[in-house]
Amino acid sequence: MTTKLVVGLDGHGSGERAVAYAERLAKLIGDCELMIVYVVEWSPYSFQTAEENAQRHKRREEEISTAMQRVVDPAVAKVQAAGIKATGKVRHGDVASILMSVADEEKAEQIIVSRSSEGGFAKRIFGSAASNLVMHASVPVTVVN
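Residues numbered from 1 in each chain as written. Predicted model: local features only at pLDDT ≥ 70, side-chain atom pairs only at ≥ 80, totals over all residues. Heavy atoms only, no water.

Looking at an unreviewed UniProt entry, one finds the protein chain named Universal stress protein, with Hoeflea alexandrii as its source organism. The protein chain has a UniProt comment under Sequence similarities (unreviewed entry) that states "Belongs to the universal stress protein A family." (UniProt positions renumbered as here; feature names shortened; annotations may be inferred.)

A.B. asks: Quick rundown of the pattern of salt bridges? Include the residues and the values.
C.D. replies: Per the stated rule, a full pass over the model turns up five salt bridges. With its nearest N and O atoms 3.9 Å apart, the salt bridge here joins K89 to E105. Taken together, the positions of K89 in strand β3 (residues 85-92) and E105 in helix α3 (residues 95-106) put the pair 16 residues apart, joining distant regions of the chain. R91 is the partner of E105 in a salt bridge, and the nearest nitrogen-oxygen pair spans 2.8 Å. Of this pair, E105 sits in helix α3 while R91 sits in strand β3, placing them 14 residues apart in sequence. Accessibility expressed as a relative area gives 24% for R91, which makes it partly exposed. Through salt bridges with shared partners, a single ionic network connects K4, K89, R91, E105 and E106. (Salt bridge = Lys/Arg side-chain N within 4 Å of Asp/Glu carboxyl O. Helix = DSSP H or I, 4+ residues; strand = E, 2+ residues; numbered from the N terminus. Buried < 20%, exposed > 50% of the residue type's maximum accessible area, 1.4 Å probe, protein only.)

A.B. asks: For helix α1 (residues 13-29), give the residues involved together with the corresponding values.
C.D. replies: An α-helix turns once per 3.6 residues; consequently, residues spaced three or four apart project the same way. Spanning 17 residues, α1 covers 24 Å between terminal C-alpha atoms, matching the ideal 24 Å at 1.5 Å per step. Phi turns positive one or two residues past the end of α1, at G30, with a value near 100°. (Expected span 1.5 Å × (residues − 1).)

A.B. asks: Requested: an account of unusual backbone geometry, with residues and values cited.
C.D. replies: Positive phi values are uncommon outside glycine, yet K107 reaches one of about 55°. If you trace the backbone, K107 turns up in the loop between α3 and β4 (110-114). Under the relative-accessibility criterion, K107 is labelled exposed at 66%.

A.B. asks: Before we move on, could you go through the side chain of S114 and cite the residues and values that matter?
C.D. replies: When you line up the elements, S114 lands in strand β4. In terms of polar contacts, S114 uses its side chain to reach the backbone carbonyl oxygen of S14, at 3.0 Å. Among residues more than four places away in sequence, those in contact with S114 are D10, S14, G15, A18, V143 and V144. (Polar contact = N/O pair within 3.5 Å; in protein donor to acceptor, adjacent residues only side chain to side chain. Contact = heavy atoms within 4.5 Å.)

A.B. asks: Residue-level account of the nonpolar core, with values.
C.D. replies: Grouped together as the largest cluster of nonpolar side chains are 24 residues, with contacts concentrated most on V7, L34, I36, Y38, V79 and I112. Secondary structure elements with two or more residues in this core: β1 (3-9), α1, β2 (32-40), α2 (50-81) and β3. Ranked by the residues each element gives to this core, the list is headed by α2, at six residues. The contact partners of I112, leaving out residues within four places of it in the chain, are L5, V6, V7, G8, A18, Y21, A22, L25, T142 and V144. Of all hydrophobic cores here, the second largest spans 18 residues; its members include V39, L99, M100 and A108. (Core = buried A, V, L, I, M, F, W, Y, C linked by side-chain atoms within 4.5 Å.)

Here it is as structure tokens:
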């Protein structure tokens, strides 16, 4: 049976470290598939008119397409070139919630993310996706430095 790992990609060097770690882990496991996920964050707390919501939907579809082409597809291709099964997806929403959701949908054994370079006031107030995953995920979470 294939072991599935969800890898959170952030479009930066830290996400590449998470993918590199997941590749090494997949080679050790053998029959393994990586699900590489990029989350476009957005806030549900904005108040908009119906016209603005229609525009937002259009922008959302454009963002998903762009993220797939620029971030996810190259990561998936690199992993596949190393001989590892991989697929990718882009979703909108809260990073931790989306990665947990994808892990449940895919029946993944683990979630792999990198530690963000974000710090300071925002992190102290809102926490980080990695922290939220470690506290709330139903599967083990590996946080790569």
